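# Results of the structural survey
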Amino acid sequence: MEMDTTDLITRARTGDHNAFRDLVQGHSHELQVHCYRILGSLQDAEDALQETLVSAWRNLGEFSQRSSLRTWLYKIATNRCLDMLRADSRRPRIAPPLPEAPLPEPTGAGDPAWLEPYPDVLVDHFVDQRPGPEARYETTEAISLAFITALQMLSPRQRAALVLRDVLGYHAVEVAQMLDATQESVQSALKRARATVDKHLADSSSSGSRRPARQPDIAAEHRLVARLTDALERADLDALIELLVTDVRLSMPPVMLEYRGIEAAQHVFAAVIFRPGLTYRVVPTRANGQPAFGLYQAHPHASVYRAYSLLVITAAGDHITAITCFNTDVMSRFGLPRALPETD
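My aim in this report is to walk through the structure given alongside it, one point at a time. (Residues numbered from 1 in each chain as written. Predicted model: local features only at pLDDT ≥ 70, side-chain atom pairs only at ≥ 80, totals over all residues. Heavy atoms only, no water.)

## Comments concerning the overall build of the protein
- From N to C terminus, the protein includes eleven helices and eight strands.
- A burial count over the protein gives 49% of its 344 residues as buried.
- Long-range pairs, those at least 24 residues apart, make up 67% of the contacts in the protein with a sequence separation of at least 6.
- Carbon and sulfur atoms form 52% of the exposed surface of the protein, whose accessible area is close to 16600 Å². (Helix = DSSP H or I, 4+ residues; strand = E, 2+ residues; numbered from the N terminus. Buried < 20%, exposed > 50% of the residue type's maximum accessible area, 1.4 Å probe, protein only. Contact = heavy atoms within 4.5 Å. Areas by Shrake-Rupley, 256 points an atom, 1.4 Å probe, with all protein chains shown as cover.)

Here is the structure:
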């Protein structure tokens, strides 16, 4: 393998595009996931990946092979993400108007406007390549929506340090080299980052646990998906409310509002989803290792159901602890159509 890599590097340095493609294709997917963790947006992660590969192609002659090719690519990708965050060119994004129905007073600020879900189909066959022994998070929990949201609360440098160290398991000295920083500054950034992430994960969990469940109850999840699908398609608000924990959290990026508790949830769903005369169809999918649903609303003047929202569910056993509602812009990423035909 090392000989193959050396040969590919030699050929790529002479301008062989096919050799470069073969050299990096085994790393491209994990690099995109890495960029998504730091940026919180699949669209931005795709852009960062492309810029990473362009930079790697242009600068391959500078790769001294003192580190592995993978580590070199991660350094480029990380710093490209940091450049994007510093440029701040993606913010603010224009948020859609709020529903015209009366809503309860929000209980707090919601998720970042740029937050996007990550389709499970892109991670089904992906496993981080042998994270180091000091990694604190497994791949499944490090892709969860709660974890990605927590990362967005950190400064860019803290975000990068925590992902490189606690998700990928690089040693502190390696992280310092990749960030062109001192080891002391990396350790300081990690200390602050861990405190913030642990607090957010605890606040996001109805049980107060610092960590999301690593091994979800698959049978309970299947039951929950079936019951939620049934409640939505029958427009049964009471049945939906029965599925929620007492301090359930609702958010709807890019609208930066948060609602906490069953009473607030009931008011929001009654005002927005379960209005008289509205009917829905549901298409189950998965995002960020969690159940998700494409929600389609019946068109009043045509025999179709139009895409309405993508709901990502955080579950604890048979109950829902959080629902994140995304607009229809993200649905094509999940292979979900703009409309469904009316069925008998």
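## Some details on the nonpolar core
- In terms of nonpolar packing, the biggest core is built from 72 residues, with Trp 72, Phe 147, Leu 151, Val 197 and Leu 310 touching the most fellow members.
- Excluding its chain neighbours within four sequence positions, the residues that come into contact with Val 197 are Tyr 137, Phe 147, Ala 150, Leu 151, Leu 154 and Leu 162.
- By size, the runner-up hydrophobic cluster in this structure holds 36 residues, among which are Leu 237, Met 252, Ala 264 and Ile 320. (Core = buried A, V, L, I, M, F, W, Y, C linked by side-chain atoms within 4.5 Å.)

## Some thoughts on the packing of aromatic side chains
- On inspection of all chains with the given rule, the structure shows seven aromatic pairs.
- The interplanar angle of 65° and the centroid separation of 5.7 Å between the aromatic rings of Tyr 280 and Tyr 308 together place this pair among those described as edge-to-face. You can see Tyr 280 sitting in strand β4 (residues 280–287) and its partner Tyr 308 sitting in strand β6 (residues 304–316), a full 28 residues away along the chain.
- One cation-aromatic arrangement involves Arg 281 over Tyr 305; the distance from NZ or CZ to the ring centre is 5.9 Å. (Phe/Tyr/Trp six-rings, centres within 6.5 Å; stacked < 30°, edge-to-face > 60°. Lys NZ or Arg CZ within 6 Å of the ring centre and 35° of its normal.)

## Here we look at helix α2 (residues 17–39)
- When the terminal C-alpha atoms of α2 are compared, their 28 Å separation across 23 residues is substantially less than the 33 Å that a helix rising 1.5 Å per residue should span.
- Sitting at the amino-terminal end of α2 is Asp 16, which places a side-chain oxygen 3.0 Å from the backbone nitrogen of Asn 18.
- With its phi angle positive at about 75°, Gly 40 sits one or two positions after the end of α2. (Expected span 1.5 Å × (residues − 1). Polar contact = N/O pair within 3.5 Å; in protein donor to acceptor, adjacent residues only side chain to side chain.)

## Side note on the packing of helix α6 (residues 156–167) against helix α8 (residues 183–204)
- Between α6 and α8, whose axes approach to 9 Å, the crossing angle comes to 90°. In terms of orientation, α6 and α8 fall into the roughly perpendicular class. Listed contacts from α8 to Gln 158, Ala 161, Leu 162, Arg 165 and Asp 166 of α6 are Gln 187, Ala 189, Leu 190, Arg 192, Ala 193, Arg 194 and Val 197. (Axes fitted to C-alpha atoms, helices over the stretch in contact; angles between N-to-C directions. Parallel < 35°, antiparallel > 145°, perpendicular 65-115°, else oblique.)

## Things to note about the pattern of salt bridges
- Taken as a whole, this structure holds 20 salt bridges when the rule is applied.
- For Arg 223, the salt bridge is made with Asp 318, and the minimal N-O distance between the two is 3.2 Å. One end of the pair, Arg 223, is in helix α9 (residues 218–233); the other, Asp 318, is in the loop between β6 and β7 (319–326), and 95 residues separate them in sequence.
- The partly exposed category is assigned to Arg 223, whose relative accessible area is 44%.
- By relative accessible area, Asp 318 is classed as partly exposed at 29%.
- Measuring nitrogen to oxygen at the nearest pair gives 3.0 Å for the salt bridge that ties Arg 234 to Asp 236.
- On the basis of relative accessible area, Arg 234 is assigned to the partly exposed category, the value being 47%. (Salt bridge = Lys/Arg side-chain N within 4 Å of Asp/Glu carboxyl O.)

## Remarks on the pairing of strand β3 (residues 255–260)
- Bridging between strand β1 (residues 108–109) and β3 involves two bridges; their strand directions are antiparallel. Looking at β3, one finds that Gly 108 is bridged to Glu 258.
- Inspection of the sheet shows strand β2 (residues 244–252) paired to β3 by four bridges, in the antiparallel sense. Across the sheet, the residue bridging to Arg 249 is Arg 260, located in β3.
- Taking the residues that link successive antiparallel strands as the turn, the β2-β3 hairpin has two residues. (Pairing = 2+ DSSP bridges.)

## So, empty space enclosed by the protein
- Under the definition given, this model contains one cavity of 30 Å³ or more.
- Among the elements that line the lining of the largest cavity, the one with the most residues is α8, at three residues.
- Among the residues forming the lining of the largest cavity, the class breakdown is five nonpolar, one polar and one charged. (1 Å grid on protein atoms, 1.4 Å probe; cavity = no way out; pocket = protein on both sides within 12 Å on 5 of 7 lines; lining within 4 Å. Points joined across faces, edges and corners; volume = space filled by probe spheres on them. Nonpolar A, V, L, I, M, F, W, Y, C, P; charged D, E, K, R; others polar.)

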